[in-house]
Amino acid sequence: MGELPFFRAQSASHPDHLWIWEKDVYVDENHRTWLPIGFERDDSFQVLMRQANVPLGEAVCPSQTHPYHLPLMWQLYPGGRYRDSDSNFWLIVYHVQCNGMEDMLLERLPDPEQE
């Protein structure tokens, strides 16, 4: 019986910032590009961010992105979470790197003022 290759996922270091560059493309402080996929899950909203090298077009101004369902920027905060440009907090559910592919799943935390 042939052996299957063993793939090992590693924890990856979180980007300090993610800024929107153009629709559906974010750039981190190291000029790496991230592609978001947002989806509703149960009573929460999650975004899968996949680091992928894509050619960048011209950067857009924030006013050119509206209406847009994702924040314009995320900033890393202590406690394994991000704060976005709309002051929402996002939990880092996981952030792994496997075979050169990096995925980070973010979940928007409930606004304490709306509970």
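Up top you'll find the structure we're talking about.
So, here's what we can say about the structure. Only a predicted model underlies this, so the values are computations on that prediction, with no experimental measurement involved.

A cluster of nonpolar side chains, namely L91, V93, Y94 and L109, defines an oily patch on the protein surface of about 290 Å² accessible area. Mapped onto the elements, L109 comes out in the segment after β9 (101-108). Since its relative accessible area comes to 31%, L109 is described here as partly exposed.

So, on to the pattern of salt bridges. Should the charged atoms of two oppositely charged side chains come close, the side chains can pair. Tallied over the full model, the rule gives three salt bridges. Where R32 meets E102, a salt bridge forms, and the shortest distance between an N and an O atom there is 2.9 Å. You can see R32 sitting in the loop between β3 (25-28) and β4 (33-41) and its partner E102 sitting in strand β9, a full 70 residues away along the chain. Take E102: its relative accessible area is 4%, and that puts it in the buried class. Residues R50 and D103 are paired through a salt bridge, measuring 2.7 Å at the closest nitrogen-oxygen approach. Pair noted here: R50 is in strand β5 (residues 44-51) and D103 is in strand β9, with a separation of 53 residues, a long-range link. In this structure R50 comes out as partly exposed when scored by relative accessible area, which is 33%. Bridged by salt links that share partners, the residues D28, R32 and E102 form one connected network.

Criteria and thresholds
- Note that residues are indexed from 1 along each chain, following the sequence as it is written.
- This being a predicted model, a pLDDT of at least 70 is required before a residue's local features are given, and a value of 80 or more before pairs of side-chain atoms are given or counted; all residues contribute to the totals for chains, interfaces and linings.
- Side-chain metrics in this entry use all non-hydrogen atoms of the structure; hydrogen atoms and water are not considered.
- Without a salt bridge and with relative accessible area above 30%, a residue can belong to a patch; like charges are then joined within 9 Å and nonpolar side chains (Val, Leu, Ile, Met, Phe, Trp, Tyr) within 5 Å.
- Using a 1.4 Å probe, accessible areas were evaluated by the Shrake-Rupley method; residue-level cover was limited to the displayed protein chains.
- Salt bridge, as used here, is a side-chain nitrogen of Lys or Arg placed within 4 Å of a carboxyl oxygen of Asp or Glu.
- Helical segments are the DSSP runs of H or I of at least four residues, strand segments are the runs of E of at least two, and each set is numbered from the N terminus.
- Remark: exposure states derive from per-residue accessible area (1.4 Å probe, protein chains only) relative to the maximum for the residue type, with buried under 20%, exposed over 50%, and partly exposed in between.

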